[in-house]
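# Survey of secondary and tertiary structure
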Amino acid sequence: MHSTYKDKLDRRAGACLECAKEFAGGDTIVSAVFRAEGQEEFVRRDLCSACFEAAEAEPFSVWRGTHPPPVEDQHRVDFDLALRFLAKLVEEPEEGREGLVYVLALLLSRKRRIKVLETRRTAGGETLVVSVPGDEEDAVVETEAPTITPEAVDRVQAQLAELFGFEPPPAAETATPDSPAEA
Ligand SMILES: [Zn+2]
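Residues numbered from 1 in each chain as written. Predicted model: local features only at pLDDT ≥ 70, side-chain atom pairs only at ≥ 80, totals over all residues.

## So, the nonpolar core
- Membership of the largest hydrophobic core comes to 36 residues, with the highest contact counts inside it found for Ala-82, Leu-86, Val-103, Leu-104, Ala-105, Leu-108 and Leu-160.
- When contributions to this core are tallied by element, the ones reaching two or more residues are strand S1 (28-35), strand S2 (42-48), helix H3 (79-91), helix H4 (98-110), strand S5 (125-132) and helix H5 (150-164).
- Sort the elements by how many residues they give to this core and H4 lands first, with 8 residues.
- Setting aside residues no more than four positions away along its own chain, Leu-160 makes contact with Val-103, Leu-104, Leu-107 and Phe-166. (Core = buried A, V, L, I, M, F, W, Y, C linked by C-beta atoms within 7 Å. Buried ≥ 20, exposed ≤ 12 C-beta atoms within 10 Å, placed from the backbone. Helix = DSSP H or I, 4+ residues; strand = E, 2+ residues; numbered from the N terminus. Contact = placed C-beta atoms within 7 Å.)

## Focus: H4
- Here H4 contains 13 residues, and its C-alpha end-to-end distance of 18 Å stays within 8% of the 18 Å for a straight helix at 1.5 Å per residue.
- When H4 is considered as a whole, its buried residues turn out to be Leu-100, Val-101, Tyr-102, Val-103, Leu-104, Ala-105, Leu-107 and Leu-108.
- Buried positions along H4 lie against H3, S5, strand S6 (139-144) and H5.
- Immediately beyond the C-terminal end of H4, within one or two residues, lies Arg-112, with a positive phi of roughly 60°. (Expected span 1.5 Å × (residues − 1).)

## Some words on the sheet that holds S2
- As summarised here, the arrangement of the 3 strands in space is S2-S1-S3, forming an open sheet in which the pairing is antiparallel. One side of each edge strand has no neighbouring strand; the edge strands of this open sheet are S2 and strand S3 (61-66). This sheet shows a mean twist of 20° between the axes of neighbouring strands, independent of strand direction.
- Bridge analysis of S1 against S3 gives 6 bridges, and the strand direction is antiparallel. Paired with Ile-29 across the bridge in S3 is Gly-65.
- The strands touched by H3 are S1 and S3; relative to S3, the strand with the most contacts, the crossing angle is about 165°. (Pairing = 2+ DSSP bridges. Axes fitted to C-alpha atoms, helices over the stretch in contact; angles between N-to-C directions.)

Spelled out as structure tokens, the structure:
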């Protein structure tokens, strides 16, 4: 039932997406999130160091790990990369990303990776005040429940599932296209 989703998880751990070289024990794997061209979404690419250094596109956020991941971690959420991504979204706020910031903050707080300082009921719904760990210091972020459609929330959740391994929304299991998103 989860095969499409699981295939993605398995594929990204095994080999460099650029040169297809299989990762060997001890290899550095660079997990980078790039802006996808021509759309507002992001794509994740797991690359060997050489291919990452040679990449022309500027990554939005980056995490370096070592192959293989510990056995118990193989199907985990990539919290380190997700946290960096959130920190970057917060550093460079952009219109239209409110939903992404809110849903990611909510998911990370549920997994106890970021601290909720306050939850406020506001006219528009709910506002979360969270502490996001940064490279140098933590950032306090206020994010308001976005006034977007449930479909848009699902889309954001599906994107976060694909990028970082969060639980996909129930509908995404069948709706996720199985085409490579790299461009
Ligand atoms: Zn490579």
